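# Structure at a glance
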Amino acid sequence: MSELDPGGSNQFIYLWNKSEVYWATGKWTGSMFAEVPEMASYSKASLTYEFVANHQESYFTYHTNESIVTAIFIMGVSGQIKCVAWAESVQDWVPFLSMPKAQCGVYFVCGSFTMCTENALSFCSCLRGFSKQYEGNWLYGHPGGGCTRNARLQCGANRSRNAEVDKFYELAVANLPDKAWSVVASSADGCRQACLNNCSCVAYSYGASCSLWYGDLINLVSPTDSSTGHTIYVRLAASEFLSGSTNTSKAMAVWASTGGAILIAVILIIAILLILKKKIYNKMNKSEGSLVVFTFRYLRSVTKNFSERLGQGSFGSVYKGMLPDGTLVAVKKLDGLSQGEKQFRAEVSTIGTIQHVNLIRLLAFCPEQSMEALVYEYMPNGSLDRNIFGSPPAKLSWDVRLQIALGIAKGLSYLHEECRSCIIHCDIKPENVLLDASFMPKIADFGLAKLVGRDFSRVLTSMRGTVGYLAPEWISGTAITAKADVFSYGMMLFEIISGKRNSAWRQDSQEGIMETFFPLLVARRLQEGDIKALLDSEIIQDANLHEVERACKVACWCIQDDENSRPMMGEIVQILEGLQDINLPPVPSYLQVLAERSKFSSDEPSCY
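What you see is a predicted model, and the numbers here were worked out from it, not measured in a lab.

## Regarding the overall build of the chain
Regarding its fold elements, the chain presents 15 helices and 30 strands. A sequence separation of at least 24 residues applies to 57% of the contacts in the chain between residues at least 6 apart. As displayed, the chain has an accessible area near 32,200 Å², and 53% of this comes from carbon and sulfur atoms.

And the structure:
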């Protein structure tokens, strides 16, 4: 947490667990905080600051000369405060200040028995003799759970008669960790023995005096070239040193006598791996609900160095690949990690934990930093937009189109109403629906998805999605519900019915050909009873006009201005299957505005 220093020093302090001060802005100098030199450069540009502190009040304000600017101060789960501003040119949040500047400056950022290293591939790592306590948290960038010992210390009641004494290994650190206890010792050996005599002692350091650490060892930071560095000695069980220097001569003798046998064993292992490789991957891909971790090097192999590109998804390109057992896969390789890291985590945490026949199946992923990738089942018929908007478009019969619309509705119904947490996809559109060999639809691209607990009905989030499919509540900035997906589904359903973009329709009039909006055209044609005019001539031959009318009514209900008037996806499934009747929907207000501007007719159209 952050607060003004209660001691009255005219500065902000950052506390861990409301107790430990791990960073401060420095005292107010009259124009800036002493430990935030960036304020001077921003002041020269477009910012001015004011800090008021007296016996009645204390506050800090800043003013900008920019006409429009949106900035946010965020304290992340790691405890580092980041200041970001919205950059219109790149349509993204751009960081301009972090406090403290170094991630390793945050108190307890990596947890117990860890080393924090700035500018490393993974800034937190376990000390020698320790392993990650909560692997899942580390995987998703939250290592605060720290590490735990691989072997218990042989101390007191834990020590057997023949057990060896615990040992220490040398560790270089930028600064000695806090919470040290000073004891009297005349030498390094005496300091070491003082630590061994106490079962709670986990490390010692000997310089001008002897310092001991008890319990958890925290806030260790790796030294840099510019830091002088210190040395501490970390206590481990004797079993952790079996391969150390004390056994070097014995190990060399064993290797000399068994070298030939080891070489033969290695050859046998390689042969066995080659034989079983195909069986292993068969078993892996048949394991329902399992999510496999692949290395980036392996994905490069199965995709032939990402040579066959299938298309462009959100935040990455998609490539075709083949596993050793012949299974075809689609591999999405993230292009811009600064923008796509959250989407990568969202996709793994949502689609990676659920399964439905109308949801794309995530088979595996690669979590390597700057090389994140997602591995999906391969969909031979590609995306829905390529089939209905392509040049030339695929010849999809009405039955196939209705099958696609119904399958998408079932997938969304599962996400909204059947999962433990309601999952709002947030970007339903033809580009995010894939078709298998039998044109069964599967919803894909969950990078923008939001999870909403069953105890909550709404979630407030930044605008996301695609223009043309966005519900009005997105634009108004209010908290959204699953009904935002229903609106997008309705807009897409119009396009499934017509086979064209909603905005790509043109209507003949006395003044020639004019552009129109397909949902508005549906309103007029249904009023006139001219259902056939909504379909291509090839579809009319086998289309059930009652099913077409039912689908048009569903689409009109889905795009109502008032989200409470839109149906649930479960109801839409029932209606499309003919198991539930549907009433005549009112005309949304924005369609009425379009109708007034159009040159169809002076009569007000109705959406039926």
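## Quick look at the pairing of strand β15 (residues 201-206)
Along β15, five of the six residues are buried, which leaves the element largely enclosed by surrounding structure. Bridge count between β15 and strand β16 (residues 210-214): five bridges; the pairing is antiparallel. Bridging across to β16, Y204 finds its partner in L212. What sits between the antiparallel neighbours β15 and β16 is a turn of three residues.

## A look at a nonpolar patch on the surface
There is a patch of nonpolar side chains on the surface, built from I264, L268 and I272 and spanning about 300 Å² of accessible area. Its location among the elements puts I264 in helix α4 (residues 248-286).

## A word on the state of the cysteines
The final tally for this structure, using the stated rule, is five disulfides. Sulfur-sulfur distance for the disulfide between C104 and C116 comes to 1.9 Å. The sign of the S-S torsion, about -85°, decides the handedness of the disulfide formed by C104 and C116: left-handed. Of this pair, C104 sits in the loop between β8 (92-99) and β9 (114-116) while C116 is found in strand β9, placing the two residues twelve residues apart along the sequence. The pair C104 / C116 is uniform in exposure class, with both members buried. Each sulfur of the disulfide joining C195 and C201 lies 2.0 Å from the other. Taking the sign of the S-S torsion, about -105° here, the bridge from C195 to C201 comes out left-handed.

## A few points about the packing of helix α13 (residues 545-558) against helix α14 (residues 569-576)
Relative orientation of the contacting elements α13 and α14 amounts to 165°, with a least axis distance of 10 Å. As far as their axial angle goes, α14 and α13 are roughly antiparallel. Of the two possible hands of crossing, α13 and α14 adopt the one that is right-handed. Along its contact with α13, which presents R550, A551, V554 and C558, the element α14 presents I572, I575 and L576.

## Digging into the sheet that holds β15
Either a parallel or an antiparallel arrangement is found when strands of a sheet pair, and the pairing is made through backbone hydrogen bonds. Pairing in this open sheet of five strands is antiparallel, and the strands run β13-β18-β15-β16-β14 from one edge to the other. In the strand order of this sheet, the two ends are held by β13 (167-173) and β14 (181-183), each with one partner. Between one strand axis and the next, the sheet turns through 30° on average, direction left out of account. For β15 and strand β18 (residues 230-236), the ladder comprises two bridges, and the chain directions are antiparallel. In the sheet register, Y204 faces β18, and the bridge partner there is Y233.

## Thoughts on the sheet that holds strand β17 (residues 220-221)
Taken in spatial order, the three strands line up as β10-β9-β17 in an open sheet, and their pairing is mixed. The outermost strands of the open sheet, each flanked by one partner alone, are β10 (124-126) and β17. Sheet analysis places β9 next to β17, joined by two bridges and oriented parallel. Each residue of the ladder has a partner; that of C116, found in β17, is V221.

## Some details on the UniProt feature "binding site: ATP" (unreviewed entry) in the chain
Following the UniProt record, the feature "binding site: ATP" (unreviewed entry) maps to K333 here. Among the secondary structure elements, K333 is positioned in strand β22 (residues 328-334).

## Description of the packing of helix α10 (residues 483-498) against α13
The contact between α10 and α13 brings their axes to 7 Å, and the two run at 145°. Considering how the two elements wind past one another, α10 and α13 form a crossing that is left-handed. Residues V486, F487, Y489, G490, L493, F494 and I497 of α10 lie in contact with α13, whose contacting residues are A551, C552, V554, A555, C556 and C558. Grouping the constituent residues of the contact of α10 with α13 by class yields twelve nonpolar, one polar and no charged.

## Notes on the pattern of salt bridges
The full count for this structure, using the stated rule, is eight salt bridges. Between R235 and D166 there is a salt bridge; the shortest N-O distance is 3.2 Å. Residue R235 is located in strand β18, and its partner D166 is located in the loop between β12 (147-149) and β13; the two are separated by 69 residues in the primary sequence. Classification of R235 by relative accessible area gives buried; the value is 1%. With a relative accessible area of 1%, D166 lands in the buried category.

## Brief notes about the side chain of N387
In this structure, N387 sits in helix α7 (residues 384-389). Its relative accessible area of 8% is what places N387 among the buried residues. Among residues more than four places away in sequence, those in contact with N387 are N381, G382, P393, A394, L396, L435 and F439.

The rules behind these values
- Counting restarts for each chain: residues are numbered from 1 in the order of the written sequence.
- The predicted origin of the model limits local features to residues at a pLDDT of at least 70 and limits the giving and counting of side-chain atom pairs to 80 or more, whereas totals for whole chains, interfaces and linings rest on all residues.
- To obtain the side-chain values, all non-hydrogen atoms of the structure were used and water was disregarded.
- Runs of E in the DSSP output that reach at least two residues are strands. Runs of H or I that reach at least four are helices, and both are numbered from the N terminus.
- Contacts are assigned to residue pairs that have any heavy atoms within 4.5 Å of one another.
- Working definition of accessibility: Shrake-Rupley area with a 1.4 Å probe, residue cover restricted to the visible protein chains.
- Partly exposed residues are those whose accessible area sits between 20% and 50% of the maximum for their type, while under 20% is buried and over 50% is exposed, using a 1.4 Å probe and protein chains only.
- Strands are treated as partners if at least two bridges between them are detected by DSSP.
- Each patch is built from residues that are more than 30% exposed by relative accessible area and take part in no salt bridge. Like charges join if they lie within 9 Å; nonpolar side chains (Val, Leu, Ile, Met, Phe, Trp, Tyr) join within 5 Å.
- Criterion for a salt bridge: a side-chain nitrogen of Lys or Arg within 4 Å of a carboxyl oxygen of Asp or Glu.
- Sulfur atoms of two cysteines make up a disulfide when they are within 2.5 Å.
- Fitting a line to C-alpha atoms yields each axis, with helices limited to the stretch in contact; the angle taken between N-to-C directions then spans 0 to 180 degrees.
- Every angle not falling under 35 degrees, over 145, or within 65 to 115 is termed oblique; those three ranges are roughly parallel, roughly antiparallel and roughly perpendicular.
- When the near helix sits turned anticlockwise from the far one by under a right angle, the crossing is termed left-handed; a clockwise turn instead gives a right-handed crossing.
- UniProt positions are given in the numbering used here, feature names are shortened, and annotations may be inferred rather than shown by experiment.
- Here the term charged refers only to Asp, Glu, Lys and Arg, the term nonpolar to Ala, Val, Leu, Ile, Met, Phe, Trp, Tyr, Cys and Pro, and the term polar to all other amino acids, Gly among them.

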